[in-house]
Amino acid sequence: MTAIAVLGSTNMDLVAYVPKAPRAGETVTGREFRTVPGGKGANQAVAAARLGGEVVMIGAVGADEFGVRLRSALAASGVETAALRTVEGASGTAHITVDDEGANSIVVIPGANGRVTGLEPGDDSRIGAADCLLLQLELPLEAVLAGARAARAHGVRTVLTPAPAQPLPPELLAATDLLVPNEHEAAALTGLTDPHRAAEALLREVPEVVITLGAAGSLYAARGREPLEVPAPRVRAVDTTAAGDTFVGALAVGLGEGRAVPEALRWASVAAALSVQRPGAQSSMPTRAETDAAALAGVADPESGGLAPGGSA
């Protein structure tokens, strides 16, 4: 079993479903509201755990009702929460609007996540015992750097999702083994809108890059290797929230199990395709059995016309 440490955010997602997202100054009537456990770190932890990883979550929640629910949701998915601290004040929240096309816009309030400024006793050993460390940018940058340093010191593979996009210090890039931005984050980091050119630029900083391209799939690039494009399964999206986190969690598990990069990318794409057909963040994430069954049914090969359950061409 792949051992994965996640140093990242834990948020309660406050999700409003609307026919069309409001423009500046506009009020619209929504059709549904949900509170769903989320946060990029917790999302990746849940995705990896449901897909067969042995996962420990490092971070913080607030001393509020959301904190209790967030911890419980992680534990229910099989994530170890001993390193998830409870701090005074509110838990992190994400205020999300999802339209009828499944697209979303998000405002994140850090809350307890902003109190995570470094590693606590025991965290270094937890990272050192892992096969892979997953990092994102919803914690203060000094905490992300501390985690990357610990992983590099122990020879642990580091996978960084550079979201929300921001300038990355050279030290963090130097300690990153695999960078997984989406196409917008890749453009923000490089100033290049073409994913292939952006990948080339990013390879000057890190040895491997996967740029996720939404419905178009993903682009893998590594130093000394030809780029690889993996199409995404064709499905009807209900809610794209956390699709990227599902992809990263699945990719970490797949690579940790020794799958070849093309196979790991296809498997991760199947997991993400299943997630976008369901509402919510962690609530949308598939199990190992669901993902394997969908892959065997042909979802892993979009050229075949195979669809994930409930999908539509």
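Parameters at a glance
All residue numbers here refer to positions counted from 1 along the written sequence of the relevant chain. Where local features are concerned, this predicted model is filtered to residues with pLDDT of at least 70; where side-chain atom pairs are given and counted, the filter is 80 or more; whole-chain, interface and lining totals use all residues. The side-chain figures draw on all heavy atoms in the structure; neither hydrogens nor water molecules are used. Any two strands with at least two DSSP bridges between them are considered paired. Put simply, DSSP marks the helices as runs of H or I at least four residues long and the strands as runs of E at least two long, and each gets a number from the N terminus on. Seen with its strands pointing away from the viewer, a crossover is right-handed when the path leading from the first strand over the helix to the second is clockwise. UniProt positions are given in the numbering used here, feature names are shortened, and annotations may be inferred rather than shown by experiment. To sort residues, take the accessible area from a 1.4 Å probe on protein chains only and compare it with the maximum for the residue type: under 20% means buried, over 50% means exposed, and anything in between is partly exposed. In this analysis, two residues are considered to be in contact whenever any of their non-hydrogen atoms come within 4.5 Å of each other. Polar contact is the term for a pair of N or O atoms within 3.5 Å; when the atoms are in protein, one must be able to donate a hydrogen and the other to accept it, and sequence-neighboring residues count only if both atoms are side-chain atoms. Structural elements are reduced to axes, namely lines fitted to C-alpha atoms, with helices fitted over the stretch in contact, and the angle between N-to-C directions of any two is expressed from 0 to 180 degrees. Multiplying 1.5 Å by the residue count of a helix minus one yields the expected span of that helix.

Chemist: Requested: an account of the pairing of strand β5 (residues 84–87), with residues and values cited.
Modeler: Here strand β4 (residues 54–62) runs beside β5; their pairing, made up of 4 bridges, is parallel. Residue pairing across strands places Ala60 opposite Arg85, the latter belonging to β5. Each parallel crossover has a hand, and the one from β4 via helix α2 (residues 65–76) to β5 is right-handed.

Chemist: Please set out the UniProt feature "active site" (unreviewed entry) in the protein residue by residue, giving values where relevant.
Modeler: Feature annotation in UniProt places "active site" (unreviewed entry) on Asp245, given in this structure's numbering. Relative to the assigned elements, Asp245 resides in helix α8 (residues 243–256). Its relative accessible area of 3% is what places Asp245 among the buried residues. Residues in contact with Asp245, not counting those within four places in the same chain, are Lys40, Asn43, Gln44, Ala47 and Met285. A distance of 3.3 Å separates polar atoms of two side chains, one belonging to Asp245 and the other to Gln44.

Chemist: Now, about the sheet that holds strand β3 (residues 32–38): what can you tell me, with residues and values included?
Modeler: An order of β3-β2-β6-β7 is seen for the 4 strands of this open sheet, with the pairing classed as mixed. The open sheet is flanked by β3 and β7 (104–109), the only strands paired with a single partner. Across the sheet, the mean angle from the axis of one strand to that of its neighbour is 20 degrees, orientation sign disregarded. Strand direction decides the pairing type here: strand β2 (residues 11–17) and β3, joined by 7 bridges, are antiparallel. Looking across to β3, one finds that Leu14 is bridged to Thr35. Most of the contacts of α2 go to β2, to which it runs at about 95 degrees, and overall it touches β2, β3 and β6 (92–98).

Chemist: So what's going on with the sheet that holds strand β10 (residues 178–179)? Residues and values would help.
Modeler: Hydrogen bonds between backbone atoms are what pair the strands of a sheet, whose relative direction is either parallel or antiparallel. The strand order across the open sheet formed by 9 strands is β5-β4-β1-β8-β9-β10-β11-β12-β13, and the pairing between neighbours is mixed. With partners counted over all chains shown, the strands left at the sheet margins are β5 and β13 (228–230), one partner each. Pairing of strand β11 (residues 208–212) with strand β12 (residues 218–222) involves 5 bridges; the strand directions are antiparallel. Within β12, the residue paired with Thr212 across the bridge is Ser218.

Chemist: Now, about the pairing of strand β9 (residues 157–160): what can you tell me, with residues and values included?
Modeler: For strand β8 (residues 132–135) and β9, the ladder comprises 4 bridges, and the chain directions are parallel. Residue pairing across strands places Cys132 opposite Arg157, the latter belonging to β9. For the segment spanning β8, helix α4 (residues 141–154) and β9, crossover handedness is right-handed. Bridging between β9 and β10 involves 2 bridges; their strand directions are parallel.

Chemist: Can you explain the UniProt feature "binding site: K(+)" (unreviewed entry) in the protein? Please cite residues and give values.
Modeler: Under the UniProt annotation, the feature "binding site: K(+)" (unreviewed entry) is placed at Asp239, Thr241, Ser275, Arg278, Gly280 and Ser284. A stretch of 46 residues holds the annotated residues, and the largest C-alpha distance among them is 9.5 Å, short enough that they meet in one place. The exposure class of Arg278 is partly exposed, given its relative accessible area of 26%. Setting aside its immediate chain neighbours within four residues, Arg278 contacts Val238, Asp239, Ser284, Met285, Pro286 and Glu290. Here Ser284 lies in the loop between α9 (261–275) and α10 (288–299).

Chemist: Describe the environment of Thr212, naming the residues involved and giving the relevant values.
Modeler: Summarising the element assignment, Thr212 is placed in strand β11. Look at Thr212 and you get buried, because its relative accessible area is 15%. C-alpha separation for the pair Thr212 and Gln277, spaced 65 residues apart in sequence, amounts to 18 Å. Setting aside residues up to four positions removed in sequence, Thr212 forms contacts with Val180, Pro181, Asn182, Glu183, Gly217, Ser218 and Phe247.

Chemist: Let's hear about α9: which residues, and what values?
Modeler: In an α-helix, one full turn covers 3.6 residues, which means residues spaced three or four apart are oriented alike. Under the 1.5 Å per step criterion, the end-to-end length of α9 is 21 Å for 15 residues, consistent within 8% with the ideal 21 Å. Burial analysis of α9 places 12 of its 15 residues in the buried class, the great majority of the element. Where α9 is concerned, the buried positions are Val261, Ala264, Leu265, Trp267, Ala268, Ser269, Val270, Ala271, Ala272, Ala273, Leu274 and Ser275.

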